[in-house]
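Structural description and commentary
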Amino acid sequence: MKKNVAVIGTGQTIVKMRREDVDFPGLCFEAASAALQDAGVTLEDIDAVVFGSAPEYFEGVNAPEKWCLEASGGYLKPHFRVHTGGTVGASTGIAGYYHVASGMYDTVLAITGDKLSEGELQLCLSTVYDPVFGRDFACGAPSAVAMQARQYQAKYGITDEQVAKAAVYNRKNAQNNPYAQLQLDLTVEQVLSSPPISTPIKLLEACPGSDGAAAMVFTSEDNVKKKYADRPVAWVKGVSAMAEGTMYTYRSWAEPIALLTAAQRAYYQCGITNPRKQLDVVEMYNAFAVQDLIWAEGLGLCNRGDGGKLIDSGAMYMDGDIPCNPSGGVLSANTIGATAMVRQVEACLQVMGKADKRQVPGAKTALAHGWGGAIQFQTVMVVSNRL
Amino acid sequence: MAEAKIMDGNITVPYSWTTGPAIGAFLTGMRDDMKLVGVKCSKCGQVVCPPRDVCPKCFIKNDDYVTVGPAGTVVAFSVIHLPNDDQPAEPPYTLALINLDGADTNLVYLLGDVDPDDVEHGMRVEPVWKEERYGYLSDLKHFKPL
Amino acid sequence: MAENEPVMENLGRRLVPYHWSYGDSFTEFFKATKERGAILASRCPVCKGVMAPAVHMCGRCYCEVDEFFDVPDEGELVAYTVVYLPFPGQPNEPPYCYGYIHFDGADTMFPHMIKEVEFDDIQMGMRVKAVWEDPDKRKGDLFDIKHFKPIE
């Protein structure tokens, strides 16, 4: 029988295109220390460490968990490495949750990060493609998502203006986030006239590449009651991870079936039947602006095919009925390794009331989403400040 | 069934690794002063060389840099015979774990100016530096017997 | 970096050679492209989906597949992108177009370059056909097909 688990502390580093002042272990130490401090615990209270990082090629160091072991608090502790492509941050958080929910460990530190500045990002991302059927044409992440965008926009008549609106509001939200790398004030026209990188995706619709790390401390309900009853915590109410393949029959990138399934399962766990009404804030992994719309559909925030209408309605903005990405989303900072965990961290901060200028007033229930691989892996975590 | 096919591929990726303060201090010490830098933990007193920014046991930032060596003791060694791409020397060559005087951890490096058959545990060694140094570990040519 | 400035980065290069096994399915597929200029497909007995390139296992149904046959070397362009972003080590110089094709009768997507057409004239759903390499120059790999071009 699984136990109830809460997040009692989180940490994230300032994200920059290149953090010249630290090496990768140093970045991990920053995030881990920040999370331990926020949780009010020391390393002695931590029973296990879960470490996540995206493809080894990014930094050119295999098994980076060993390189970063001491710096991520792993010395003489049970240690677990997670890697699920771009959603590794979320999978690591979920693995941290599993460690505690299983009853095997009481308090667990989950930590993720990457230093994308250290390698040639698009070349490294191109190694994610099938070596025989795809690598010869690949242009990193942009060309993969471009295919998704093409099919989605064609099937549902989503306009370039609607996609550009998603870029604009995310960038604007980032201005309230001191951790975000990019804090841009843009108009739809500026986005539409930015140079194409892989059509239909334009430069200002794409995420940056970043250096950064994030960490979370998970603990059991017993522990919360005994030691942390006096402070806000974020209860993990629903968790799901789902994979779809790459070369299976009848695949269409316009239909995010893995996300639809993952969301349904997470919602079932926490009694959500109307996500649009029952969620107060959503942090999605929108590496490219078009994904704001596709993932919104996949999460059931609108009907299938209505992503364009959703963005037009303003519902996703800070003053809308389902604020999305108050942090500025992935368009404003993308370390890949930590990115999906930052979505979970931001969701926790929202329900704990600790999101400062980017706080959605009165947020009680928040959702964090991540995707990875050749648009295959999807993760959903729902957190709430009520058990 | 057709004969199994193989596809040859190649991936070459350039990197630029940030050193961080500790390794930066180590490499700067090598390049500018031909010295070996370690770091001492203010809590447990352990001296780590090559230095790291965080003490693994105490989980605190370390920035008290100290000079160690230059001599050290061979605590383990292996003679590599297996040829491979991208090796630091032509096999057979000797790699040793060297405990530099004053350090509590060991440095892995090449041994030179010595026959592999003559290498022994406990042997005392000292660094041999290159004339031109650039702030890379390879500024150290090898360690040789004292 | 300037002399006497502290060392802050080290540059390096990782060169990794590979030898990937094609496995049963793709060995057969590329034998067909090389020797017959044909596209080999397979049909799943459970979902009835037709997979091109042919595979011995259906990923959706997790079952063995043993019905193999050729499909036409032309079909519908179901996704495409024109790549402009340059990066070191890129296999093609931008701008270039590649896309995914549903061969007539197939239910999976096949990637390849789209050429012999202006970028602005490329459209979703366009019919395209394989342009084959000369038979004596084919090596039994993806470039037995040079690229795809639009047809009426």
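Structure report, in brief. (Residues numbered from 1 in each chain as written. Chains lettered and ligands numbered in written order. Predicted model: local features only at pLDDT ≥ 70, side-chain atom pairs only at ≥ 80, totals over all residues.)

Quick look at the overall build of chain C now. Scanning chain C from terminus to terminus reveals one helix and eleven strands. Reading chain C from its N end, one meets helices and strands in the order β-α-β-β-β-β-β-β-β-β-β-β. Against the globule reference of 15 Å for 152 residues, chain C gives a C-alpha radius of gyration of 20 Å, more extended than a compact globule. By principal-axis analysis of the C-alpha atoms, chain C measures approximately 70 × 40 × 35 Å. Residue burial in chain C is summarised as follows: out of 152 residues, 36% are buried. Sequence separation of at least 24 residues holds for 51% of the intrachain contacts in chain C that already meet a minimum separation of 6. (Helix = DSSP H or I, 4+ residues; strand = E, 2+ residues; numbered from the N terminus. Rg over C-alpha atoms; globule rule 2.2 N^0.38 Å. Buried ≥ 20, exposed ≤ 12 C-beta atoms within 10 Å, placed from the backbone. Contact = placed C-beta atoms within 7 Å.)

When helices and strands are counted, chain A shows 13 helices and eleven strands. Computed over its C-alpha atoms, the radius of gyration of chain A comes to 19 Å, within 12% of the 21 Å expected for a compact globule of 387 residues. Sequence-distant contacts, at least 24 apart, represent 78% of the contacts inside chain A between residues at least 6 apart.

What follows concerns helix α9 (residues 257-270) of chain A. Residue and element names in this part refer to chain A. Compared with an ideal rise of 1.5 Å per residue, which puts 14 residues at 20 Å, α9 spans 20 Å between its outermost C-alpha atoms and is within 8% of the ideal. Within the sequence span of α9, burial applies to Ala258, Leu259, Ala262, Ala263, Ala266 and Tyr267. One side of α9 carries all its buried residues, which in axial view fall inside an arc of 155 degrees. If you follow the buried residues of α9, they end up packed against β8 (234-243), α10 (275-278), α11 (290-298) and β11 (377-384). Following α9 by one or two positions, Gly271 adopts a phi angle in the positive range, close to 75 degrees. (Expected span 1.5 Å × (residues − 1). Arc of directions from axis to C-beta.)

Contact residues are listed per partner, giving 18 residues for chain B and 23 residues for chain A. Considering each element in turn, the side of chain B that touches chain A owes the most residues, nine residues, to strand β1 (residues 6-18) of chain B. Each residue belonging to the side of chain B that touches chain A can be placed in one class, and the counts come to ten nonpolar, five polar and three charged. (Nonpolar A, V, L, I, M, F, W, Y, C, P; charged D, E, K, R; others polar.)

Right, let's get into helix α1 (residues 20-33) of chain B. Each α-helix turn comprises 3.6 residues. Residues three or four places apart therefore point the same way. Compared with an ideal rise of 1.5 Å per residue, which puts 14 residues at 20 Å, α1(B) spans 19 Å between its outermost C-alpha atoms and is within 8% of the ideal. The buried count for α1(B) comes to twelve of 14 residues, which makes it a mostly enclosed element. Those residues of α1(B) that are buried lie in contact with α1 (24-39) of chain A together with β1, β2 (36-40), β4 (64-68) and β9 (140-145) of chain B. Looking one or two residues past α1(B), B:Met34 carries a phi angle of roughly 50 degrees, positive in sign.

So, about the interface of chain A and chain C. The partner chain C presents 35 residues to the 32 residues of chain A that form the contact. Listed by contribution, the elements that provide at least two residues to the side of chain A that touches chain C are α4 (121-126), α5 (140-156) and β5 (196-198) of chain A.

Quick look at the environment of B:Val68 now. Residues and elements named next belong to chain B. The topology assignment puts Val68 in strand β4. For the pair formed by Val68 and Lys35, sequence separation is 33 residues and the distance between their alpha carbons is 7.8 Å. The contact partners of Val68, leaving out residues within four places of it in the chain, are Leu36, Gly38, Val47, Cys49, Leu100, Asp101, Gly102 and Ala103.

Next up on the list: the nonpolar core. If you look at the biggest cluster of nonpolar residues, it comprises 181 residues, and the most contacted ones within it are A:Val7 and A:Val383. For A:Val7, the contacting residues outside a window of four places in its chain are A:Met216, A:Val217, A:Phe218, A:Val233, A:Ala234, A:Val236, A:Cys348 and A:Val383. Counting residues in each nonpolar core, the second largest holds 24 residues, with B:Phe26, B:Leu36, B:Phe143 and C:Val7 among its members. (Core = buried A, V, L, I, M, F, W, Y, C linked by C-beta atoms within 7 Å.)

It is worth spelling out the sheet that holds strand β3 (residues 50-51) of chain C at this point. Residue and element names in this part refer to chain C. Spatially, β3-β2-β6 is the arrangement adopted by the three strands of the open sheet, whose pairing is antiparallel. With partners counted over all chains shown, the strands left at the sheet margins are β3 and β6 (67-71), one partner each. Of the pairings in the sheet, the one linking strand β2 (residues 39-43) to β3 comprises two bridges and is antiparallel in character. By the bridge assignment, Arg43 is partnered in β3 with Val50. (Pairing = 2+ DSSP bridges.)

Before going further, it helps to examine unusual backbone geometry. Going from A:Thr199 to A:Pro200, the amide bond is cis rather than trans, its omega being 5 degrees. Position of A:Pro200 relative to the elements: it lies in the loop between β5 and β6 (201-202). We note that A:Tyr250 has phi near 65 degrees; this positive angle belongs to a residue other than glycine. Mapped onto the fold, A:Tyr250 is located in the loop between β8 and α9. Residue class for A:Tyr250 comes out exposed when judged on the 11 C-beta atoms lying within 10 Å of it. Of note in the backbone geometry, B:Met34 takes a positive phi value of approximately 50 degrees without being a glycine. With respect to the secondary-structure elements, B:Met34 resides in the loop between α1 and β2.

The side chains of a regular strand alternate, first on one face of the sheet and then on the other. Residue and element names in this part refer to chain A. Burial runs high along strand β7 (residues 211-220): nine of the ten residues are buried. Pairing analysis gives nine bridges linking strand β4 (residues 107-115) to β7, with the strands arranged antiparallel. Following the sheet pairing, Lys115 is matched in β7 by Asp211.

Looking now at the packing of α5(A) against α11(A). Residue and element names in this part refer to chain A. The interhelical angle for the contact between α5 and α11, taken along N-to-C directions, is 65 degrees, at an axis separation of 10 Å. Both α5 and α11 take part in a crossing whose hand is left-handed. Along its contact with α5, which presents Val145, Gln148, Ala149 and Tyr152, the element α11 presents Val290, Gln291 and Ile294. (Axes fitted to C-alpha atoms, helices over the stretch in contact; angles between N-to-C directions. Left-handed = near helix turned anticlockwise from the far one by under 90°.)

Residues and elements named next belong to chain B. Read across the sheet, three strands follow the order β3-β2-β4 without closing on themselves; strand pairing throughout is antiparallel. Bordering the open sheet on either side are β3 (47-48) and β4, each of which pairs with just one other strand. Inspection of the sheet shows β2 paired to β4 by five bridges, in the antiparallel sense. If you follow Val37 over to β4, its bridge partner there is Thr67. Running at roughly 150 degrees to β2, α1 makes contact with β2 and β4 of the sheet.

It is worth spelling out the packing of helix α3 (residues 88-101) of chain A against helix α13 (residues 339-352) of chain A at this point. The description of two helices packed together rests on the angle between their axes and the distance between the axes. Residues and elements named next belong to chain A. As a packed pair, α3 and α13 sit with axes 4 Å apart at the nearest point and diverge in direction by 55 degrees. Taken together, the axes of α3 and α13 lie oblique to each other. In this structure, α3 contributes Val88, Gly89, Ala90, Thr92 and Gly93 to the contact, and α13 contributes Thr339, Ala340, Met341, Val342, Arg343 and Gln344. In terms of residue class, the contact of α3 with α13 is made up of five nonpolar, five polar and one charged. (Parallel < 35°, antiparallel > 145°, perpendicular 65-115°, else oblique.)

Moving on, we come to the pairing of strand β1 (residues 5-12) of chain A. All names here are of chain A. Of all eight residues that make up β1, eight are buried, and the element is covered over most of its length. Across two bridges, β1 lies against β8 in antiparallel orientation. Bridging across to β8, Val7 finds its partner in Ala234.

Attention now moves to the environment of A:Gly300. All names here are of chain A. By the element assignment, Gly300 lies in the loop between α11 and α12 (307-313). Taking the number of C-beta atoms within 10 Å as the measure of exposure, Gly300 has 19 and is therefore partly exposed. Sequence-wise, Gly300 and Met104 are 196 residues apart; in three dimensions their C-alpha atoms are separated by 34 Å. Excluding its chain neighbours within four sequence positions, the residues that come into contact with Gly300 are Ala263 and Pro275.

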